[in-house]
Amino acid sequence: MQGKVSMEDIAAKLGITKNTVSLVFRNMPGISEKTRKSVLETAKQLGYRYKKDARSIDGKKTPLKNICLLQSKSTYDTTGFFAFIQLGIESEAKKNSLNLMLHVYDDSDENFEVPMCINEGLVSGVITIGRVQRNTANILNSLKIPMVMVDHYYEDIYIDYVLSDNQNCGYIATEYLIKQGHTQLGFSGDIKAAVSFYDRYMGFLKALDINNIRVNPDYLITDKCIGVVINEGLDNAVDEMKKLPSMPTAFFCCNDHEAISMIKALNVMGYKVPSDISIISFDNIDSSHTFSPRLTTLNVHKEHMGAKAVQKLIERINSPNGPKEKILLSAEIIERQSVKNLKNNNITK
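Residues numbered from 1 in each chain as written. Predicted model: local features only at pLDDT ≥ 70, side-chain atom pairs only at ≥ 80, totals over all residues. Heavy atoms only, no water.

Student: Tell me about a negative patch on the surface, and name the residues and values.
Tutor: Judged by side-chain charge, D106, D109, E110 and E113 come together as a negatively charged surface patch. Checked against the element boundaries, E110 lands in the loop between β2 (99-105) and α6 (116-119). We classify E110 as exposed; its relative accessible area is 71%. (Patch = residues over 30% accessible without salt bridge, like charges linked within 9 Å, V, L, I, M, F, W, Y side chains within 5 Å. Areas by Shrake-Rupley, 256 points an atom, 1.4 Å probe, with all protein chains shown as cover. Salt bridge = Lys/Arg side-chain N within 4 Å of Asp/Glu carboxyl O. Lys, Arg positive; Asp, Glu negative; His and termini not counted. Charge placed at Lys NZ, Arg CZ, Asp CG, Glu CD. Helix = DSSP H or I, 4+ residues; strand = E, 2+ residues; numbered from the N terminus. Buried < 20%, exposed > 50% of the residue type's maximum accessible area, 1.4 Å probe, protein only.)

Here's what the structure looks like:
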């Protein structure tokens, strides 16, 4: 064949699409062995050589084009927390001369479609932020492309993860309340809504167990988030709170949004925070220090999580066969105004 041979030439000769030819050369799944063999044999006959991008990371000869930042629409629409993770990803990508290709998908659709940027071989790796449905995670994992999942994980899906150390932090938050003299302790947050909420609840239970404090089911809201119920109206949140047979002296809330929503409902019910009920929460979003009372919360290093994800992805691109890792990042307590010290009857900050 005269001139430079292209994928289009191979596709035309075999009567298939260029995309199919591309998938074969990138050894992607979903192609029959018969088609794969035909493409490779035809390429050899025509003298076609598949050339990958010659750029590298950290001086290593690793093909690199772009990386895909994948988010569900529900995560993308969430203000505060995930935006700072994305900021960290963008900053670290820029430092390493990487381009981000953002893809937002509808997580209400059970049939996840792999983004074109992945199917077309335009990216060398994928980072996901926030909750990812199991089916979606399995599809992405089957593509054998370097991938890092941020702020969500599955115990039985073997990929790289970057997470807050949620169980340990749940323990730290609860232990903090206990040191302030609280023994009647509650938890609020739907533990099935997010794996992070479940892990924080496990840390809560661990702290109670170690301190020989009985778990009182009267103080627990684990099947829903007040922060979600309040979207239907403050009265709905108040009604849910009133279902509790009795009130603890302190709640550990699954995140800051849950804490703020709970405080609003408690105020309507006549309870003052922290005079009557103390609140500690998680994330340290912007509104945690502008709301009144200012929240005592655990500070998650959100931008660092994003940066760590990019660093891990670069490492995975360079060492595709190395052991997968679950990277856990610590968080520290930020003392403000929402916790009362029962030992000296003072607000902690």
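Additional details are given in the paragraphs that follow.
Student: Describe the sheet that holds strand β3 (residues 125-129), listing the residues and the values that go with them.
Tutor: Read across the open sheet, the six strands follow the order β2-β1-β3-β4-β5-β11; overall the sheet is parallel. Sheet topology places β2 and β11 (326-329) at the edges, where each strand pairs with a single neighbour. Taking each pair of neighbouring strands and ignoring which way they run, the sheet shows an average axis angle of 20 degrees. Of the strand pairs in this sheet, β3 and strand β4 (residues 147-150) are connected by four bridges, and their pairing is parallel. In the sheet register, V126 faces β4, and the bridge partner there is M147. Against the sheet, helix α7 (residues 134-142) makes contact with β1 (66-72), β2, β3 and β4, and its axis sits at roughly 160 degrees relative to β4, the strand it touches most. (Pairing = 2+ DSSP bridges. Axes fitted to C-alpha atoms, helices over the stretch in contact; angles between N-to-C directions. Contact = heavy atoms within 4.5 Å.)

Student: Residue-level account of helix α12 (residues 256-268), with values.
Tutor: Compared with an ideal rise of 1.5 Å per residue, which puts 13 residues at 18 Å, α12 spans 19 Å between its outermost C-alpha atoms and is within 8% of the ideal. Taken together, the buried positions of α12 are occupied by D256, E258, A259, I260, S261, M262, I263, A265 and L266. Structurally, the start of α12 carries an N-cap: the backbone nitrogen of H257 is 3.3 Å from a side-chain oxygen of N255. Just downstream of α12 lies G270, where phi reads positive at about 95 degrees. (Expected span 1.5 Å × (residues − 1). Polar contact = N/O pair within 3.5 Å; in protein donor to acceptor, adjacent residues only side chain to side chain.)

Student: I'd like a rundown of the side chain of E92, residues and numbers included.
Tutor: Of note, E92 is situated in helix α5 (residues 81-95). Separated by 3.3 Å, the side chains of E92 and Q311 make a polar contact. Here E92 is in contact with A307, V310 and Q311, once residues within four sequence places are set aside.

Student: So, the packing of helix α1 (residues 7-14) against helix α3 (residues 33-46): which residues are in play, and what are the values?
Tutor: Running from N to C, α1 and α3 cross one another at 120 degrees; their axes reach a closest spacing of 10 Å. In terms of orientation, α1 lies oblique with respect to α3. Handedness of the crossing formed by α1 with α3: right-handed. Contact residues: α1 offers D9, I10, K13 and L14, while α3 offers S38, V39, T42, A43, Q45 and L46. Residue classes in the contact of α1 with α3 are distributed as five nonpolar, three polar and two charged. (Parallel < 35°, antiparallel > 145°, perpendicular 65-115°, else oblique. Left-handed = near helix turned anticlockwise from the far one by under 90°. Nonpolar A, V, L, I, M, F, W, Y, C, P; charged D, E, K, R; others polar.)

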